[in-house]
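Listed here are the chains, written in short residue letters.
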Amino acid sequence: MRLGSGTFAACCVVVEVLGVVLFLRGFFPAPVRSSSSSKHQAEPPAPEPSAGASSNWTKLPPPLFSKVVIVLIDALRDDFVFGSKGVKFMPYTTYLVEKGASHSFVAEAKPPTVTMPRIKALMTGSVPGFIDVVMNLNSPALLEDNVITQAKAAGKRIISYGDETWVKLFPKHFVEYDGTTSFFVSDYTEVDENVTRHLDKVLKRGDWDVLILHYLGLDHIGHVSGPSSPLIGRKLSEMDGVLMKIHTALLSEERETLLPSLLVLCGDHGMSETGGHGASSTEEVSTPLLLVSSAFERKPGDIRYPKHVQQTDLAATLAIGLGLPIPKNSVGHLLFPAIEGKPMREQLRFLHLNTVQLTKLLQENVPSFEKEPGFEQFKISERLHGNWIRLYLEENNSEVLFNLGTKVRRQYLDALKTLSLSLSRQVAQYDVYSMVVGTVVVLEVLTLLLLSIPQALSSKAELEVPLLSPVFSLLFYLTFLVLSAVHVIVCTSTESSCYLCSLSWLTAGGVMVLVSALLCAVVSALTKVLVRGKLLSKNAAHSNSRWSELDLLILLGTLGHVLSLGASSFIEEEHQTWYFLVSTLCLALCHDIYRNYLPGDDCEPQRCLHVEGGFDGATPALQDKNTSSAVLELNRGCKSPSSLGTLRGYEKWMVLASPWVILTCCRLLRSLNQTGVQWAHRPDLGHWLTRGILEARFVYVFVLGILFTGTKDLLKSQVVAAGFTVKTVGLWELYSGFVLLAALLLRPHNLPVLVLSLLIQTLMAKFVWKPLRHDVAEVTVMHYWFGQAFFYFQGNSNNIATVDISAGFVGLDTYVEIPAIFLTAFATYTGPVLWASHLVSFLSSEASSSALSHAGFCYALIGSFPVSAYIILVTSLRYHLFIWSVFSPKLLYEGMHLLITAAVCVFFTAMDQTNTKS
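Just so it is clear, the structure is predicted and the values come from calculations on it, not from any experiment.

Calculation rules
Residues numbered from 1 in each chain as written. Predicted model: local features only at pLDDT ≥ 70, side-chain atom pairs only at ≥ 80, totals over all residues. Heavy atoms only, no water. Phe/Tyr/Trp six-rings, centres within 6.5 Å; stacked < 30°, edge-to-face > 60°. Helix = DSSP H or I, 4+ residues; strand = E, 2+ residues; numbered from the N terminus. Buried < 20%, exposed > 50% of the residue type's maximum accessible area, 1.4 Å probe, protein only. Lys NZ or Arg CZ within 6 Å of the ring centre and 35° of its normal. Core = buried A, V, L, I, M, F, W, Y, C linked by side-chain atoms within 4.5 Å. Contact = heavy atoms within 4.5 Å. Salt bridge = Lys/Arg side-chain N within 4 Å of Asp/Glu carboxyl O. Disulfide = S-S within 2.5 Å. Expected span 1.5 Å × (residues − 1). Pairing = 2+ DSSP bridges. Axes fitted to C-alpha atoms, helices over the stretch in contact; angles between N-to-C directions. Parallel < 35°, antiparallel > 145°, perpendicular 65-115°, else oblique. Left-handed = near helix turned anticlockwise from the far one by under 90°.

*Asks:* Could you clarify how one ought to interpret the packing of aromatic side chains in this entry?
*Replies:* Given two aromatic rings, their pairing is described by the distance between the two centres and the angle made by the two planes. If you walk through the whole model with that rule in mind, you get 24 aromatic pairs. Note on F791 and Y829: the rings are 5.4 Å apart at their centroids and 25 degrees apart in plane angle, and the pair reads as stacked. Taken together, the residues span a long stretch of sequence, with F791 in helix α33 (residues 776-793) and Y829 in the loop between α34 (817-828) and α35 (830-846) at a distance of 38 residues. By relative accessible area, F791 is classed as buried at 0%. Overall, the relative accessible area of 7% leaves Y829 in the buried class. Through pairs of rings, three or more aromatic residues link up here, namely Y579, F786, F790, F793 and W835. Over the ring of W208 we find K67; its NZ or CZ atom is 4.4 Å from the centre of that ring.

*Asks:* I keep staring at the nonpolar core and nothing clicks. Help me out?
*Replies:* Soluble globular proteins tend to pack their nonpolar side chains together in the buried interior. Judged by nonpolar contacts, the single largest core of 79 residues is most densely connected at I760, M764, W769, W785 and F786. At 12 residues, the largest contribution of residues to this core is made by α33. Beyond its immediate sequence surroundings of up to four residues, F786 is in contact with V582, L585, C586, I662, C666, I760, M764 and W835.

*Asks:* Whenever I open this one, the pattern of salt bridges confuses me. Can you help?
*Replies:* Pairing of side chains with opposite charge becomes possible as their charged atoms draw close. Following the criterion strictly, the structure yields 16 salt bridges and no others. Across the pair E574 and K890 runs a salt bridge whose closest N-O atoms are separated by 2.7 Å. On the criterion of sequence distance, the pair formed by E574 in helix α27 (residues 574-597) and K890 in helix α37 (residues 883-917) is long-range, its members being 316 residues apart. Look at K890 and you get buried, because its relative accessible area is 1%. Taken together, the shared-partner salt bridges connect R77, D79 and E273 into one network.

*Asks:* Is there a simple way to explain the environment of L199 in this structure?
*Replies:* On the secondary structure map, L199 appears in helix α11 (residues 199-204). The exposure class of L199 is buried, given its relative accessible area of 0%. Separated by 38 residues in the primary sequence, L199 and Y161 have C-alpha atoms spaced 9.5 Å apart. What L199 contacts, discounting residues up to four positions off in sequence, is L211, L213, Y215, V242, K245 and I246.

*Asks:* Please explain the state of the cysteines as it appears in this structure.
*Replies:* Put plainly, two cysteines are in a disulfide when a covalent bond ties their sulfur atoms together. Summed over all chains, the structure comprises 1 disulfide. The disulfide partner of C491 is C501, and the gap between their sulfur atoms is 2.1 Å. Taking the torsion about the sulfur-sulfur bond, which here is approximately -85 degrees, the covalent link between C491 and C501 counts as left-handed. In this pair, C491 is assigned in helix α22 (residues 474-493) and C501 in helix α23 (residues 499-502), connecting sequence segments 10 residues apart. Relative accessible area serves as the criterion here: at 23%, C491 is assigned to the partly exposed category. Accessibility expressed as a relative area gives 25% for C501, which makes it partly exposed. C11 carries a free sulfur, and the closest cysteine sulfur to it, the one in C12, is 7.0 Å from it. We note that C858 lacks a disulfide partner, and the nearest cysteine sulfur, in C905, lies 10.0 Å from it. The class for C858 is buried, based on a relative accessible area of 2%.

*Asks:* Help me understand helix α19 (residues 432-451), please; the structure alone is not making it clear to me.
*Replies:* Since there are 3.6 residues in each turn of an α-helix, residues three or four apart along the chain are aligned in direction. Look at α19: 28 Å from first C-alpha to last across 20 residues, which is about the 28 Å you get at 1.5 Å a residue. Burial of α19 is extensive: 14 of the 20 residues sit out of reach of the surface.

*Asks:* Where do I start with the sheet that holds strand β6 (residues 210-215) in this structure?
*Replies:* Read from one edge to the other, the open sheet built from 8 strands follows the order β5-β4-β6-β2-β7-β8-β3-β9, with strand pairing classed as mixed. Looking at the sheet topology across the chains shown, the edges are occupied by β5 (176-180) and β9 (307-310). Direction aside, the axes of adjacent strands within the sheet are offset by 15 degrees on average. Here 5 bridges tie strand β2 (residues 68-73) to strand β7 (residues 262-266), and the two strands are oriented parallel to one another. Bridge pairing in β7 links V69 to L263.

*Asks:* Just to check I follow, could you spell out the environment of L446 for this structure?
*Replies:* The residue L446 is located in helix α19 in this model. Expressed as a C-alpha distance, the spacing of L446 and E16, which sit 430 residues apart in the sequence, is 8.2 Å.

*Asks:* Looking at this model, I keep getting lost on the packing of α33 against helix α36 (residues 851-876). Mind explaining?
*Replies:* To characterise two packed helices, one gives the angle between the axes of the helices and the distance between these axes. Across the interface, α33 lies against α36 with an axial gap of 9 Å and an inter-helix angle of 45 degrees. When the interaxial angle is binned, α33 and α36 end up oblique. Helix-helix and strand crossings are classified by hand; for α33 and α36 the assignment is right-handed. Along its contact with α33, which presents V776, A777, T780, V781, Y784 and W785, the element α36 presents A851, H854, A855, C858, Y859, I862, G863 and P866.

*Asks:* How do you make sense of the pairing of β6 when you look at a structure like this?
*Replies:* Taken across its 6 residues, β6 has 6 buried, putting it largely inside the fold. Across the two faces of β6 the burial is the same, with V210, I212 and H214 and L211, L213 and Y215 all buried. Note that β2 and β6 share 6 bridges and pair parallel. Paired with V69 across the two strands is L211, which belongs to β6.

See the structure below:
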């Protein structure tokens with residue numbers, strides 16, 4: 001079957017997207033959720049160990065606190081409480097930390113540092129999967145064993161006010177709730193007042209056991225204005241007043257109860273120096289954790305410095321404090337200061353329950369658990385504990401009993417720390433089978449694209465794709481049978497969960513058919529290339545074509561960028577790579593222009609400068625240099641001084657100056673937004689402004705009108721025979737609509753990025769690509785490079801914290817999910833989208849009929865190469881120290897770039913089909 005190269009490339013990229021999705025499903029497996037919570041509650045607690053005597057303590061210990069109030073302040077950094085800002089703006093909280101009956105900690109949050117995974121970590125004690133950063137947009141019900149579910153099963157009444165994520169995670173768990181959306185970041189006043197307005201009423205009532213207050217205003221201020229905003233201090237003062245009101249009410253109520261209450265102040269995550277969060281910088285992972293209760297006696301002069309703990313430790317502490325079973329998937333350990341005032345027997349009982357729970361989890365996840373140091377420490381601790389119980393039951397109150405109890409306690413604490421660390425390392429349970437199948441699909445597609453270069457970039461811009469012969473070949477059936485047998489073996493022998501094995505046999509068989517068909521297509525294409533290579537080698541001496549310096553720069557730059565992705569530092573500072581590449585590209589273009597203006601005596605083949613003749617774009621730089629030699633000669637020729645006469649005065653100087661102007665613009669844009677990690681703290685040139693809702697909606701009307709007009713012209717061009725002009729106008733109208741939308745969504749200080757982008761596109765189109773008659777492949781690669789560079793010029797990075805979610809709410813007064821997601825995605829990828837849309841519009845209006853097919857194929861190839869190579873790199877580095885903090889976010893970004901590539905290729909195919917019909 002004969003297909004256009006653009007259509008073929010679009011199909012390949014769509015298949016590659018499926019392969020990447022399958023790989024991501026294996027690399028980011030869905031967290032294991034327990035559906036046996038009732039079964040877990042029915043399990044009796046571990047009895048108290050004994051040696052030579054039987055203990056009568058076989059039930060869970062009674063609760064330590066009558067009421068628990070959890071005040072979660074979104075994006076609360078540890079230095080906001082324990083630093084200078086805490087001293088200045090939170091005096092009451094500072095008093096509690098320094099002199100009150102409290103214990104303070106710095107709780108480390110694991111990436112991704114976004115709200116929903118952090119709430120799960122706080123309530124389950126487990127480490128959520130990294131893919132939860134995507135699920136954060138629409139949280140599903142939490143089925144994993146957790147403190148909230150245990151409390152509800154125990155008959156405790158729970159109230160929640162604030163972030164509606166709690167209601168989504170724990171539906172039908174609260175006797176009373178008032179949820180507010182966490183995504184409407186423009187609101188940092190009412191979103192907190194809606195929480196505080198319930199306090200006076202609920203604190204006077206005694207019909208609740210657990211009160212959860214989730215304040216969002218601080219996080220919203222960070223997203224809009226950053227951590228240095230003067231609004232931060234006002235919000236911290238407001239939160240300090242809330243804490244004082246709650247603590248005072250709890251103290252007054254304790255006079256009428258037998259048990260004290262517990263006030264917990266915590267943050268789900270911190271915020272970066274730019275106000276975002278999601279990654280693993282110190283400011284994002286360090287959160288305060290303050291436990292306040294009259295049970296925590298404090299002597300005068302007792303100075304307690306905040307200790308560093310894990311955020312997952314809170315679940316076990318709350319469970320013990322409420323007299324509940326510890327969530328069975330919790331990897332955290334009890335915060336011992338919360339129970340150190342209890343008698344020795346109770347302390348050891350609490351520690352034993354926590355250690356037994358971690359040991360069971362270790363046995364379920366580690367086959368050789370007996371060899372783990374934590375398990376050995378647990379056995380020693382349990383044996384010593386039994387001896388202590390025997391002495392205690394003999395009513396031995398001697399110093400020996402106290403010393404032995406101290407030793408057992410220390411042994412338990414060491415075992416807890418070792419077990420918790422060991423289990424935390426077991427979190428990354430990869431679905432290797434799905435990863436391998438996804439990688440095979442991606443590599444088969446990439447190989448097929450590479451082998452198809454000579455045909456796809458020929459003058460006909462089409463290639464013969466064998467669709468029927470692979471399906472009916474012996475190789476196909478043998479491959480399909482082998483893969484089916486491997487699938488059966490894997491699914492029947494694996495002990496861990498596997499996504500492909502959970503699919504129906506029909507769906508899994510379809511995947512095997514796809515892999516087999518792609519393999520046969522690769523073999524067929526390779527055979528044709530080898531045969532064609534033998535024929536072309538006979539005529540190689542008659543060809544004088546060669547690679548230009550620009551072609552070599554494009555090839556080496558692309559390969560160098562791909563290789564750089566194997567190092568975490570290069571991923572964190574990837575913007576530097578793209579800045580270097582586009583700057584080098586500008587210098588290469590400058591050299592190319594000056595070489596043509598000052599030709600040497602050898603009169604070697606060069607591009608001819610020509611302004612009036614248009615852009616033919618017939619020669620692809622990546623094609624086989626021995627193929628289509630006739631086409632090659634269209635754009636290569638001997639340069640003579642007389643050809644310079646076609647240039648007018650200002651055009652001549654603009655051609656000479658354009659590369660330097662573009663280089664200057666790129667240098668200015670580098671200073672506009674400091675991004676990455678190493679230099680993110682440096683001041684930017686931008687400043688922050690705000691927009692009104694009415695004005696934004698007015699712009700939306702214009703954007704929709706422009707997009708509607710452009711779409712109408714495109715559809716009209718398919719009906720009208722002479723519709724080339726109408727189609728070109730329609731494409732430029734769509735491009736103009738995107739530009740106007742970008743101008744609305746970008747932060748005001750980023751508007752120079754948009755302006756300079758348009759300036760560079762104009763200079764390149766009029767004074768570089770057309771005069772130097774660059775071929776389609778080179779123009780396509782340049783658009784891709786500049787699109788990537790402008791992604792970082794906006795201030796983006798491979799750090800999730802740099803995603804500006806406030807752009808999704810421009811012109812919205814309430815949270816509307818679909819428009820907010822679309823606007824946020826468009827604002828984040830404005831650079832690549834605008835450069836890709838400019839490529840389509842430019843080639844459609846300036847190039848030959850085969851240019852769109854060439855461009856679609858080149859864009860698919862250059863977009864597929866990095867993601868294919870990165871999948872291999874990230875697979876080999878899956879146990880790297882920075883796999884979740886650096887490599888995994890980059891993998892998500894690469895997946896998004898591939899989606900954009902697929903959309904561009906599909907659009908190229910549609911435009912190519914329109915040209916064919918016309």
